[in-house]
Protein chains: 2
Amino acid sequence: MADSSRLFQPVSLAAVAITDGFWAPKLRVNRERTIPIEYEQCKATGRIDVFRLDWTPGQEPVPHIFWDSDVAKWIEAASYVLTADPNIAGMDFGRGLDALLDEVIALIAGAQQPDGYLNVHFTVVEPEKRWTNLRDWHELYCAGHMIEAAVAHFQATGKRSLLDVVCRYADYIGTVFGVGPGQKRGFPGHEEIELALVKLYRVTGERRYLELSRYFVDERGRQPHYYDLEALARGDDPRKFWARTYEYNQSHLPVREQSEVVGHAVRAMYLYSAMADLAAETGDEGLRRACERLWTHLCTRRLYITGGIGPSRHNEGFTADYDLPNETAYAETCAAIGFVFWNHRLLQLDCDSRYADMLERALYNGVLSGVSLDGERFFYENPLASFGQRHRQPWFDCACCPPNIARLLASLGGYIYSQNDRDVAVNLYMGSSVKLDIGGAGLALRQETLYPWSGEVTIRLEMAQPLAFRLRLRIPGWCRSASVAINGEPVDLAGVVERGYACLPADDGQPRVWQPGDRITLNLAMPIERVYAHPDVNQDAGRVALQRGPLVYCLEQADNLAPVGRIALPGQAELAARFEPDLLGGVVVITGQTLVADAADWSNDLYRPQRPALSPCTLKAIPYYAWDNRASGGMQVWMPEIT
Amino acid sequence: MADSSRLFQPVSLAAVAITDGFWAPKLRVNRERTIPIEYEQCKATGRIDVFRLDWTPGQEPVPHIFWDSDVAKWIEAASYVLTADPNIAGMDFGRGLDALLDEVIALIAGAQQPDGYLNVHFTVVEPEKRWTNLRDWHELYCAGHMIEAAVAHFQATGKRSLLDVVCRYADYIGTVFGVGPGQKRGFPGHEEIELALVKLYRVTGERRYLELSRYFVDERGRQPHYYDLEALARGDDPRKFWARTYEYNQSHLPVREQSEVVGHAVRAMYLYSAMADLAAETGDEGLRRACERLWTHLCTRRLYITGGIGPSRHNEGFTADYDLPNETAYAETCAAIGFVFWNHRLLQLDCDSRYADMLERALYNGVLSGVSLDGERFFYENPLASFGQRHRQPWFDCACCPPNIARLLASLGGYIYSQNDRDVAVNLYMGSSVKLDIGGAGLALRQETLYPWSGEVTIRLEMAQPLAFRLRLRIPGWCRSASVAINGEPVDLAGVVERGYACLPADDGQPRVWQPGDRITLNLAMPIERVYAHPDVNQDAGRVALQRGPLVYCLEQADNLAPVGRIALPGQAELAARFEPDLLGGVVVITGQTLVADAADWSNDLYRPQRPALSPCTLKAIPYYAWDNRASGGMQVWMPEIT
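**Some points on the overall build of chain A**
Logical step 1: A count of helical and extended segments in chain A gives 14 helices and 26 strands.
Logical step 2: Relative to the globule expectation of 26 Å for 643 residues, the C-alpha radius of gyration of chain A, 25 Å, shows essentially globular dimensions.
Logical step 3: With the C-alpha coordinates of chain A rotated into their principal frame, the extents come out at 75 × 70 × 50 Å.
Logical step 4: Look at the contacts in chain A between residues 6 or more apart in sequence, and 70% of them connect residues 24 or more apart.
Logical step 5: Taken together, the 64 basic and 81 acidic charged side chains of chain A have centroids lying 1 Å from each other.

**Details of the relation of the copies chain A and chain B**
Logical step 1: Rotating chain A by 180° and moving it 0.0 Å along the rotation axis overlays it on chain B with an RMSD of 0.0 Å. Given the turn and translation reported, the copies of this chain are related as if by a two-fold rotation axis.

**Let's talk about the domain arrangement of chain A**
Residues and elements named next belong to chain A.
Logical step 1: The assigned domain composition of chain A is domain 1 (9-415), domain 2 (418-524) and domain 3 (530-642).
Logical step 2: Contacts between domain 2 and domain 3 engage 4 residues on the former and 12 residues on the latter.
Logical step 3: For the pair domain 2 and domain 3, the summed buried area comes to about 590 Å², and 72% of that belongs to carbon and sulfur atoms.
Logical step 4: Interface area lost by domain 2 to domain 3 is led by Pro 452, Trp 453 and Trp 478, which between them contribute 95%.
Logical step 5: Applying the counting rule to domain 2 against domain 3 returns 0 salt bridges.
Logical step 6: In this structure, the connection of domain 2 to domain 3 is made through 1 residue pair in polar contact (both at pLDDT 80 or more).
Logical step 7: Looking at side-chain class alone, the side of domain 2 that touches domain 3 contains 4 nonpolar, no polar and no charged residues.

**Quick look at the environment of B:Ser603**
Logical step 1: With respect to the element layout, B:Ser603 can be found in the loop between strand S22 (587-597) and strand S23 (607-608).
Logical step 2: In sequence terms B:Ser603 and B:Phe154 are 449 residues apart; their C-alpha atoms lie 66 Å from each other.

**A few points about the packing of helix H7 (residues 193-204) of chain A against helix H8 (residues 207-219) of chain A**
Residue and element names in this part refer to chain A.
Logical step 1: For the pair H7 and H8, the least separation of the axes is 7 Å and the interaxial angle reads 165°. Taken together, the axis directions place H7 and H8 in an arrangement best described as roughly antiparallel. Here H7 and H8 pass one another in a crossing that is left-handed. Residues Ile 193, Glu 194, Leu 197, Val 198, Leu 200, Tyr 201 and Thr 204 of H7 form the contact with H8, whose participating residues are Arg 207, Tyr 209, Leu 210, Leu 212, Ser 213, Phe 216 and Val 217.
Logical step 2: Classifying every residue of the contact of H7 with H8 gives 10 nonpolar, 2 polar and 2 charged.

**Quick look at the packing of aromatic side chains**
Logical step 1: Across all of its chains, the model carries 70 aromatic pairs over all chains by this definition.
Logical step 2: A centroid spacing of 6.4 Å and a plane angle of 55° characterise the contact between A:Phe187 and A:Tyr226, whose relative ring orientation is tilted. Taken together, the residues A:Phe187 in the loop between helix H6 (161-176) and H7 and A:Tyr226 in helix H9 (residues 226-234) connect sequence positions 39 residues apart. A:Tyr226 carries the same exposure label as A:Phe187, and that label is buried.
Logical step 3: Taking the centre distance of 6.0 Å and the plane angle of 75° together, the rings of A:Tyr364 and A:Tyr451 count as edge-to-face. Here A:Tyr451 lies in the loop between strand S7 (441-449) and strand S8 (456-462) and A:Tyr364 lies in helix H13 (residues 353-367), a separation of 87 residues in the sequence. Of the two residues, A:Tyr364 and A:Tyr451, both sit in the buried class.
Logical step 4: Cluster of aromatic residues (ring-pair linked, three or more members): A:Phe22, A:Trp23, A:Tyr364, A:Tyr429, A:Tyr451, A:Trp453, A:Trp478, A:Phe579 and A:Tyr625.
Logical step 5: One residue, B:Lys26, lies across the ring of B:Phe22, its end atom 4.6 Å from the ring centre.
Logical step 6: We note B:Arg512 situated over the ring of B:Trp514; from NZ or CZ to the ring centre the distance is 5.1 Å.

**Overview of the interface of chain A and chain B**
How big an interface is tends to be stated in terms of the accessible area lost upon association of its parts.
Logical step 1: On the side of chain B, 58 residues touch chain A, which itself brings 58 residues to the contact.
Logical step 2: A buried area of about 4,600 Å², summed over both sides, lies between chain A and chain B, and 55% of it is on carbon and sulfur atoms.
Logical step 3: The tally of links from chain A across to chain B stands at 6 salt bridges.
Logical step 4: We note a salt bridge from A:Glu60 to B:Lys240, for which the minimum N-O separation is 3.3 Å.

**Some remarks on the sheet that holds strand S10 (residues 470-474) of chain A**
Residues and elements named next belong to chain A.
Logical step 1: Judged by pairing direction, the sheet is mixed, and its 6 strands sit side by side in the order S1-S4-S5-S10-S14-S13 without closing on themselves. Here the strands that pair on one side only, and so sit at the sheet edges, are strand S1 (9-10) and strand S13 (497-498).
Logical step 2: Sheet analysis places strand S5 (residues 423-426) next to S10, joined by 4 bridges and oriented parallel. Within the sheet, the bridge partner assigned to Ala 425 lies in S10 and is Arg 472.
Logical step 3: Across the sheet, H13 lies against S10 and strand S14 (501-504), angled at about 45° from S10, the strand it touches most.

**A look at the pairing of strand S24 (residues 614-623) of chain B**
Logical step 1: Taken together, the 3 bridges between strand S19 (residues 551-556) of chain B and S24(B) define a ladder with antiparallel strand orientation. Across the sheet, B:Cys554 pairs through a bridge with B:Ile622, a residue of S24(B).

**Looking at the side chain of B:Asp536**
Logical step 1: Tracing the sequence through the fold places B:Asp536 in the loop between strand S17 (528-533) and strand S18 (543-548).
Logical step 2: There is a polar contact of 2.6 Å between the side chain of B:Asp536 and the side chain of A:Arg566.
Logical step 3: In this structure B:Asp536 touches A:Phe387, A:Pro563, A:Arg566 and B:Tyr322, once residues within four positions along its chain are discounted.

**Side note on the pattern of salt bridges**
Logical step 1: Considering all chains together, one arrives at 113 salt bridges over all chains under this definition.
Logical step 2: When the shortest N-O distance is used, the salt bridge between A:Arg234 and A:Glu230 registers 3.4 Å. In this pair, A:Arg234 and A:Glu230 both sit in helix H9, 4 residues apart, roughly one turn of the helix.
Logical step 3: Of the residues examined, A:Glu230 reaches a relative accessible area of 5% and is grouped as buried.
Logical step 4: The shortest N-O distance in the salt bridge between B:Arg407 and B:Glu76 comes to 2.8 Å. Of this pair, B:Arg407 sits in helix H14 (residues 401-410) while B:Glu76 sits in helix H2 (residues 67-84), and the two are 331 residues apart along the sequence. Taken as a pair, B:Arg407 and B:Glu76 share a single burial class, namely buried.
Logical step 5: Taken together, the shared-partner salt bridges connect A:Arg422, A:Asp423, A:Arg470, A:Arg472, A:Glu498 and A:Arg499 into one network.

The rules we used
Residues numbered from 1 in each chain as written. Chains lettered and ligands numbered in written order. Predicted model: local features only at pLDDT ≥ 70, side-chain atom pairs only at ≥ 80, totals over all residues. Heavy atoms only, no water. Helix = DSSP H or I, 4+ residues; strand = E, 2+ residues; numbered from the N terminus. Rg over C-alpha atoms; globule rule 2.2 N^0.38 Å. Contact = heavy atoms within 4.5 Å. Lys, Arg positive; Asp, Glu negative; His and termini not counted. Charge placed at Lys NZ, Arg CZ, Asp CG, Glu CD. Least-squares fit on C-alpha atoms with pLDDT ≥ 70 in both. Domains from an automatic or database assignment. Buried area = accessible area lost by both parts, 1.4 Å probe. Salt bridge = Lys/Arg side-chain N within 4 Å of Asp/Glu carboxyl O. Polar contact = N/O pair within 3.5 Å; in protein donor to acceptor, adjacent residues only side chain to side chain. Nonpolar A, V, L, I, M, F, W, Y, C, P; charged D, E, K, R; others polar. Axes fitted to C-alpha atoms, helices over the stretch in contact; angles between N-to-C directions. Parallel < 35°, antiparallel > 145°, perpendicular 65-115°, else oblique. Left-handed = near helix turned anticlockwise from the far one by under 90°. Phe/Tyr/Trp six-rings, centres within 6.5 Å; stacked < 30°, edge-to-face > 60°. Buried < 20%, exposed > 50% of the residue type's maximum accessible area, 1.4 Å probe, protein only. Lys NZ or Arg CZ within 6 Å of the ring centre and 35° of its normal. Pairing = 2+ DSSP bridges.

This is the structure we're talking about:
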């Protein structure tokens, strides 16, 4: 077993109120626009009523193998909304959200089969194919999302209506799969249930769910390969697997032997998240080391500057080291969200800021870009450059991303703080208040900041009596100059920064005894930075990106007279940041004098032996997450740099 | 009708012997390795024996809807080999090529149905689906290739064995499709038969084949849209067409209204080739103008420097203007071949060097890259940069490219010269001799050159008596300094260059009367050139490519110590060209001093705020067509340039 005292727990969503100027409006849009719209889409496309099981052959649309998961993620998102505010108003549904959830859950419960099985497609469309193709189909994936939904619903409402359903389902799954006689030694083609089962274990205390998760994780990639046997049993040739390699679903090797992130990016993130969960729950060092290897590989070789991952549309996933094309970047919203999940889990292991840095990079850039400012349109793919043809859509046939971003945003309060018996860690800077219990004593912590526009943060402590604990303040990796003061007295950070967190001590180095009303101020210098990619990122060679604080910037055509694809930044160009309250909900923009390649004298040439002439122009960059909310036009993150 | 005297005819393959130091060895490899290998692949994969129609349900493999076309293209290629040398030796088949063709053709003829229909898949696998989905399936495409094969076989051997089969098939198709009562107003989802029918018309003189071609071309894109009606008739929802737009197969508009190249690139090229054919045969100015618009759009907005076209794997085709990604370039070999076909047809309309320039660009770069130097492996996609993971393959399930390049190379002799009653045009420079008939008088023209390594060309005329004709020598678009001499006497080119061809006159400006033994020498200056892309080609911004003569160069890892992706070329770097006889079959390489981005101090950073340091290194570039013939490694065409 691990030294569990080293572990941190995320402070739960229920204990946190987000009052932030940046995030609170986005969460309101998520609550009031996105989540209702997603319900309506699920309803209108038949995804909800299909749980009545009255679909008949020939009827269109045919319930798809992953429809269940879309509804499940919506339930999960709606449940987080209820958690944050149990008395939330009607949200335009004509009845309370709580009542609506009851209604949907009753439908789902009614679709459960006598043996516990629960999947619409394989109940009404192809019942004879149940569990016959774990490699390609999504039964266990849907089960996982339904479990996550049930856990969130139970935590929000205390109701066991969906929880009991998924427990029965999980118990049934536990009879089907395993190493016992007569059991299938299968595992999911699309990972998800593994992390869900850990959540189910945590909320029920039933260790069999943890064991089932561990079974799925450890069975993965063993020989003889289950997908080979399963294909043969279906009468298929295993070599005809369309993806050609089991790297596609990370089953090419046992997970403990994996050291490179490969295949479908969302699948990878969900698997790795479960591995981190199991490492936390069981102290399994093998899984933890595998996570560490995979994380290092991803972050040093295969990560977009936006926190997006998986460049290829072909496998919705990873390709080769340093292959990070910009225009064709797939960088699925769900994959960036999965990367947030994984980092959040790793962060709890030893409160290392590396993980929070990556979580933050994805959250403020490649995740947040996934939804429009009005909450009504969604990116499935998040390219880093566009010719003007890439736009968010209201919905997708494969609609995984919209409810995924909804559930992440609705649960954002759960990502800000971590704690254990003697530590309180501030992982993210956003205006919020949190109620904590430190060894039985109550503590309220109030955070005020204009982050991500400013690096100034004030934290106030409110408690009935003095309280000793280590307050850990994350010093973000992007910050090269940070200062901290306690009640106005500067703290010497030398020697107190531990794994990227300032651990504020007493004068004698012992955990500090904090006083009611103590005020901690943190100042993170947030200049505009030019960022360069590793020389092996061919697509970014000779190019530069702009970053300020956690935000990656981009040039969008709406702000620039010069075609953004032609803009090149001189090495010495001066750049300035200013807040524009009326732009895109209020953003800090970056402006400066730059150069633009001149196309006027090119007539009809596509190629020619003279390099383009350069003329002066002005540049205005906006945060990447906010692009494609105005007139259609070009966008790019990486600009050529003229040195 | 057109002023037919303005039209040129390609000088046929049968009249030309290629003696070229560059091409003759490649044609020998094509003849002795590629074509036999492709036969063996067709044989081994069941594509040939399936014409016995003895496939039964459940048997693997299932005959695919485009198998017929692979065999047809092989027949066409083999027929061109016979045309060039009717007494060609056994080619390892254990019998003569002529006899082998007879054998394969007999099988095919036996598969023709009593009504004339001929398609394996829709005879043995899904006979009830004949002509039910022109949009997605390949019946008319396969018919087109079979017609091309039959024409080539007839021209090579004088045998009507396959020609009669395809005439019956074409006649049957002519009863099924058309505007008459009871006929289907359909047209092919994958264009091909249109150009094939023009060939069939030319060889048979039967005008109904020309009319059927014109019907298919002009019916395309009319409303109500046939693919909508056809989908409804199948019980499908037309809106569920996977490609989402009829741009995919260029049926979004009537062809005469089209002005942008869109959709699947091979389909587009075959359609446009047929349009050029019809324009040539009928003088149809509307089709010619459409060709001109489409060609201009392609060449000024959507063409790779290699002559590759169609950047996207998704639709195997076109995306947006100036969207020319390098690593992910699809640039299918077949599409570049189709671009050669189209340019070759346009070139005959008025002998404009623009078309020959594009033909040459594709031929020497994006087409020739499609096959390995040993003739045994093939690129389907032709990227302009690689991390080392892209390699030619021995065969493909969808095997369109290998026999396509085989038939183009085997018929290369037909691309060099054009003529009409009073003109002889030299379109391509390659060592060759050709026998011509100028108004009844015989002429032999002998061309000697080391092209593409050198721009010096000598042409000798041999005839029984003096002969008046215009000799047109193409001045390639890449050449900025050309000189011509007749029997050692320099010719003043001012005023005699017409549409990019030097039209060598007499002293009085009239067509020259040539004397037996006349010797024309052409000198095309061939320095190394730095080439830049239009400023709107975002992916090439700040980058430079190297070109010498018609050849585009690339850096391949096998020749360079520095990782090729990190090499950046200073604006003033001196570059030198030298011939290396033992490298890659003998190539001119480009060498020079350059800079390489240093990754040593990056440790594990993927992004950082300091730009990479640059160190000196040497550079060695090879012709693009020759890459991936040695050890696996990176490759790139476009290098960052440091100005």
